[in-house]
Amino acid sequence: MLTLENTTVTFNEGTPDEKQALKPFDLSLKAGDFLTVIGGNGAGKSTLMNVISGMQIPDTGKVLIDDKDVTYEPEHKRSTLIGRVFQDPMAGTAPSMTIEENLAIAYARNKRRKLFPGVTKDRKEMFRTSLQTLNLGLEDRLTAKVGLLSGGERQALSLLMATFTNPKILLLDEHTAALDPERAQLITDLTKEIVAENELTTIMVTHNMQQALTLGNRLIMMDEGEVILRVEDEEKKQLTVEKLLKEFEKRRGSSLNHDQVILA
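The rules behind the values
Residues numbered from 1 in each chain as written. Predicted model: local features only at pLDDT ≥ 70, side-chain atom pairs only at ≥ 80, totals over all residues. Heavy atoms only, no water. Helix = DSSP H or I, 4+ residues; strand = E, 2+ residues; numbered from the N terminus. Rg over C-alpha atoms; globule rule 2.2 N^0.38 Å. Buried < 20%, exposed > 50% of the residue type's maximum accessible area, 1.4 Å probe, protein only. Salt bridge = Lys/Arg side-chain N within 4 Å of Asp/Glu carboxyl O. Axes fitted to C-alpha atoms, helices over the stretch in contact; angles between N-to-C directions. Parallel < 35°, antiparallel > 145°, perpendicular 65-115°, else oblique. Left-handed = near helix turned anticlockwise from the far one by under 90°. Contact = heavy atoms within 4.5 Å. Nonpolar A, V, L, I, M, F, W, Y, C, P; charged D, E, K, R; others polar. Pairing = 2+ DSSP bridges. Expected span 1.5 Å × (residues − 1). Polar contact = N/O pair within 3.5 Å; in protein donor to acceptor, adjacent residues only side chain to side chain.

Chemist: Quick one: what's the story with the overall build of the protein, residue by residue and with numbers?
Modeler: Looking only at helices and strands, the protein has 9 helices and 10 strands in total. Compactness check: the protein gives a C-alpha radius of gyration of 19 Å against a globular reference of 18 Å for 264 residues, within 12% of the reference. Here the C-alpha coordinates of the protein stretch approximately 60 × 40 × 35 Å along the principal axes. The 264 residues of the protein split such that 48% are buried.

Chemist: Let's hear about unusual backbone geometry: which residues, and what values?
Modeler: Of note, the phi angle at Asp-66 is positive, near 55 degrees, even though the residue is not glycine. Relative to the helices and strands, Asp-66 resides in the loop between β4 (60-65) and β5 (68-69). With phi around 35 degrees, Asp-233 is a residue other than glycine that occupies positive phi space. Relative to the assigned elements, Asp-233 resides in helix α8 (residues 233-237).

Chemist: Any chance you could break down the pattern of salt bridges for me, citing the residues and the numbers?
Modeler: Per the counting criterion, the structure on display carries 13 salt bridges. The closest approach of N and O atoms between Asp-33 and Lys-30, which form a salt bridge, is 3.8 Å. Judged by relative accessible area, which is 56%, Lys-30 ranks as exposed. Of the charged contacts in the structure, one is a salt bridge between Glu-73 and Lys-68, with a shortest N-O distance of 3.4 Å.

Chemist: Run through the packing of helix α3 (residues 99-107) against helix α5 (residues 151-163), naming residues and quoting values.
Modeler: For the pair α3 and α5, interaxial distance at closest approach is 9 Å and the crossing angle is 30 degrees. With respect to α5, the element α3 is oriented roughly parallel. Taken as a pair, α3 and α5 cross one another with a handedness that is right-handed. Between α3 and α5, the residues in contact are Ile-99, Asn-102, Leu-103 and Ala-106 and Leu-157, Leu-160 and Met-161, respectively. Broken down by class, the residue content of the contact of α3 with α5 amounts to 6 nonpolar, 1 polar and no charged.

Chemist: Help me get a handle on the sheet that holds strand β2 (residues 19-29), residues and values and all.
Modeler: Strands sit in the order β2-β1-β4-β5 across an open sheet of 4 strands; the sheet is antiparallel. The open sheet has two free edges, formed respectively by β2 and β5, since each of these has just one partner strand. Where β4 lies against β5, 2 bridges are found, and the strand directions are antiparallel. Along β5, the bridge assignment pairs Ile-65 with Lys-68.

Chemist: Any details on the sheet that holds strand β8 (residues 201-205)? Residues and values, ideally.
Modeler: Spatially, β6-β7-β8-β3-β9-β10 is the arrangement adopted by the 6 strands of the open sheet, whose pairing is mixed. Single-partner strands in this sheet number two, and they are β6 (82-85) and β10 (226-232). On average, adjacent strands in this sheet sit at an angle of 15 degrees to one another, irrespective of strand direction. Pairing of β6 with strand β7 (residues 169-173), which is carried by 4 bridges, proceeds in the parallel orientation. Along β7, the bridge assignment pairs Ile-82 with Ile-169. Taken strand by strand, helix α1 (residues 45-53) contacts β3 (34-38), β6, β7, β8 and β9 (218-223), and its axis lies near 150 degrees from that of β7. Of the strands in this sheet, β9 and β10 are in contact with helix α9 (residues 241-252), which crosses β10 at around 140 degrees.

Chemist: Can you explain helix α6 (residues 181-198)? Please cite residues and give values.
Modeler: Over its 18 residues, α6 runs 26 Å from end to end, which matches the ideal 26 Å to within 8%, given 1.5 Å per residue. Those residues of α6 that fall on the buried side of the exposure criterion are Ala-184, Ile-187, Thr-188, Leu-190, Thr-191, Ile-194 and Val-195. The residue sitting at the N-terminus of α6 and contributing the capping side-chain oxygen is Asp-180; that oxygen lies 3.1 Å from the backbone nitrogen of Glu-182. Of the residues trailing α6, Glu-199 is marked for its positive phi of about 50 degrees.

Chemist: So, the pairing of β4: which residues are in play, and what are the values?
Modeler: Pairing of strand β1 (residues 2-11) with β4 involves 5 bridges; the strand directions are antiparallel. Among the inter-strand pairings, Thr-3 is bridged to a residue of β4, identified as Leu-64. Adjacent in sequence and paired antiparallel, β4 and β5 are bridged by 2 residues, among which Asp-66 carries a positive phi angle near 55 degrees.

Geometric values such as these leave the question of function open.
Structure (structure tokens):
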């Protein structure tokens, strides 16, 4: 479903500030895989997500989604294949528009562009049914401005919108980091339910090591633009935060800075 072949990204090449954000990077995900990505600041996690989404074109290598080469396709063209939820609850939605208007935009993402009413009676019922799955009462607030929602409500709506058209790939970019613990747990639970129900191929970047262990069937740890640890299926179930920290120290010869990750 997703393949990265020998992808590299270097910023400020040829200057004193040169930084190799992604070293020759390879990744292959099957349909339905749920990969969690962990690492400290500057490890290359965000660059990886941007390369997959089309925000960043790699210097070398290939990006394939469902066997289609999208390496040089811009972000707006890949949006029909990819859903993404960002760290900031204010991103990914239009705050001045209503809940139903935001859902109408998401619904039309992978359809041909033409003039038609965004919110019809049938679609309104479909939106209401979809919102009921969140258990937040948003189905009764379809005409409320999204800017008036709480951070947790807005992030839940962003998650629903990102998966509304059943994308090939779902990217979750620190999507619970800006929320308080109670709302972060709500979004974590919703993520698990939505990904499982729709069998979505998912990549989740997180600083929360326990969250990285709890969710998904695969895990990679990144540092300085490369993967230093890959863990699959049954092995992942046996991992603990302490083991992860020891693996980092064994591979890098130094401890992972605790200021850069959340242990639990």
